[in-house]
Amino acid sequence: MKVFRSHTGLVAPMDRANVDTDAIIPKQFLKSIKRSGFGQNLFDEWRYMDHGEPGVDNTRRPLNPNFVLNQARYLGATVLLARKNFGCGSSREHAPWALQQFGFKVIVAPSFADIFFNNCFKNGLLPIVLAEPEVNQLFDTLFATPGLKLHIDLARQVVEVPGAESYRFEVEEHRKQSLLNGWDEIGLSLLQADKIRAYEVARQIKEPWIFS
Amino acid sequence: MAQSLYDKLWDAHRVHDEADGTALIYIDRHLVHEVTSPQAFEGLEINGRKLWRINSIVATADHNVPTTSRKEGIADAISRLQVETLDANIKKFGVPVYFGMNDARQGIVHVIGPEQGATLPGMTVVCGDSHTSTHGAFAALAFGIGTSEVEHVMATQCLVAKKSKSLLIRVEGQVGCGVTAKDIVLAIIGKIGTAGGTGYAIEFAGSAVRALSMEGRMTVCNMAIEAGARAGMVAADEKTIAYLRGRPHAPQGTMFEQAAYYWRTLKSDDGAIFDRVVELDARIIEPQVTWGTSPEMVVSIDGNVPEPNKESDPVKREAMERALQYMGLNPGTPMAQIKIDKVFIGSCTNSRIEDLRAAAGVVKGRHIAANVKLAMVVPGSGLVKRQAESEGLDKIFLAAGFEWREPGCSMCLGMNDDRLSPGERCASTSNRNFEGRQGAGGRTHLLSPEMAAAAAIAGRFADVRQIL
């Protein structure tokens, strides 16, 4: 797993609820058998004026000037401020891959869809849940402050507006430690191999049909 | 202490508890398809790891496969490579149960799991696909995972997880004529919202759920994820057991009876505690149609497109306005006046034999309307297709002007050539009406197979109860 400890970066707003993973990375890009190359098609249908397909040179495609991530003040953003139920829908891990490969390191929202939330941690992309009023406040600050950056410290579990507010967030301990230490989670589970085998033996007696 | 079904399934799969409240959970069945597995197989290879238990895997190619003739293979080179990569990985890792594109039993992974008896009560079932919740209809703990977790299960047969909260959704009473499992689940999502189940494992219960066939229960559990819950489940009963008897991968003979004895215990005990309980009255559920770009944007067929200016929450109002603009609809329009361009009957939600029978019952002796450019039926599996053909359903659909296709995910998400063009409006039995889901700019309305069939005949949304 990739390490995440702290980050300071430019914030961009995604001011709509229920952003789904089909919007984050449309289906035609899921045909790739690789783990990389998804960043250029992040939010493809919103970001470009034409229809995208894999293998097309994206640098020659017309950008949608109204799409928030194309606006000059948000270029180079690494923190995404989002609304409720971000990442709902399909389980495609291509969604966090695309966000991360585009350049995002942190997503802050009042809530995330469960599978997406889980997938983010596996890739060192930190999803942070703050209370809705706090997120509303951050949106207000962001719209009023060109060039707003946020500082995120995972060890201390805080999101900070430099020189101003600070928001504490919760994170499950095993997820936090995995990110801070860059643990290989599969390797960690394999340390329990004897227990897994013992479980299988016991289960085989109780429910032999599972193993046939 | 009284336990819920979810408590029982969770406890039966705990291999190891961590001090922080997470647990290592054993996975019994791993369903694999071509889209979310290549990077996982590659990760195993890079790290020199093996599959922990190859006979836990049931694999098929479903998302990318053409639904027209497969004699020429897959025309799109990138899709073809993805399916060939699955073929190669199955061979390389020695996975014994694979229903490749040209196997007679190939189909949508969530249709063939139960059909083969590979999904059994008491199992944990995972797949790199959010609609894995479907399998919870068999009193299994079934949920979708991402590719990193696909690799984790391949290598360890386990996942690190924390127990979810529990949500009991009780639907009591008898549904009216023409009201289906799809209408029940759309009504549930309309009530609790697309994030209503986030963080929960849902148990669907009540007389209306018990009255459903196994296929209907699969339709309901399939869309648990559309209510935000990774897992949805229904208690096992005699219907569950009868469905599984004799299936190829189910236990046989005395072992089946032994299994069934255990399966009958897979229900919530009286007095089991749930973190949240939601109740619906089945008698007032009417045929549902979505109007917007989220499954929670749903109304009854005799309702109207809602009016954003009546919504007080500004975030919701803006989402409604955006949805109406995308969908090309005006507030206040009666749903039954909205004309459609295409009809899709298929997907892991509604492509099983009962779905096809129900739709055929509506179209029999009728013809699709002149304004319907394409109406297609995509059976969920090769075996569903064969069964339907043996009953003459294909002839009914073809005579009515429908196309009769090969099995796969098809236009539910349009990874193959089955897509909507920009602005096209589709009556679809699938599960997601997100922007662009069925094709960039496409407009999706979710409904039941009966309602999709009625829409095809009328050329607009129509109340199937007036046709039956």
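Below you will find a few notes about this structure. Remember, predicted model here, so these are calculated numbers, not experimental data.

### Section: the interface of chain B and chain A
Part 1: Between chain B and chain A, the residue contacts involve 77 residues of the former and 59 residues of the latter.
Part 2: Taken together, the two surfaces of chain B and chain A that pack against each other cover about 5700 Å², and 56% of this comes from carbon and sulfur.
Part 3: Per-residue buried area on chain B facing chain A is highest for Gln39, Arg49 and Trp52 of chain B; these three make up 11% of the total on that side.
Part 4: Where chain B meets chain A, there are 9 salt bridges.
Part 5: Here lysine 31 of chain A makes a salt bridge to aspartate 76 of chain B, at a shortest N to O gap of 3.2 Å.

### Details of the pairing of strand β18 (residues 425-428) of chain B
Residues and elements named next belong to chain B.
Part 1: Going residue by residue along β18, you find Arg425 and Ala427 tucked away on one face and Cys426 and Ser428 tucked away on the opposite face as well.
Part 2: Across 3 bridges, strand β15 (residues 342-345) lies against β18 in parallel orientation. Bridged to lysine 342 within β18 is cysteine 426.
Part 3: As judged from the 4 bridges shared by β18 and strand β19 (residues 443-446), these two strands associate in the parallel manner. Within the sheet, the bridge partner assigned to serine 428 lies in β19 and is leucine 446.

### A look at the pairing of strand β10 (residues 200-205) of chain B
All names here are of chain B.
Part 1: Among the 6 residues of β10, 6 are classified as buried, and the element is accordingly described as predominantly covered.
Part 2: Sheet topology places strand β9 (residues 165-172) next to β10; 6 bridges connect them, and they run parallel. Of the residues in β10, the one forming a bridge with isoleucine 169 is phenylalanine 204.
Part 3: Between β9 and its parallel partner β10, the chain crosses via helix α6 (residues 181-192), and the hand of that crossover is right-handed.
Part 4: Of the strand pairs in this sheet, β10 and strand β11 (residues 231-233) are connected by 3 bridges, and their pairing is parallel. Residue pairing for β11: alanine 201 is matched across the bridge by alanine 231.

What counts, and at which threshold
Residues numbered from 1 in each chain as written. Chains lettered and ligands numbered in written order. Predicted model: local features only at pLDDT ≥ 70, side-chain atom pairs only at ≥ 80, totals over all residues. Heavy atoms only, no water. Contact = heavy atoms within 4.5 Å. Buried area = accessible area lost by both parts, 1.4 Å probe. Salt bridge = Lys/Arg side-chain N within 4 Å of Asp/Glu carboxyl O. Buried < 20%, exposed > 50% of the residue type's maximum accessible area, 1.4 Å probe, protein only. Helix = DSSP H or I, 4+ residues; strand = E, 2+ residues; numbered from the N terminus. Pairing = 2+ DSSP bridges. Right-handed = clockwise from strand over helix to strand, strands pointing away.

Coordinates in, geometry out; function isn't part of it.
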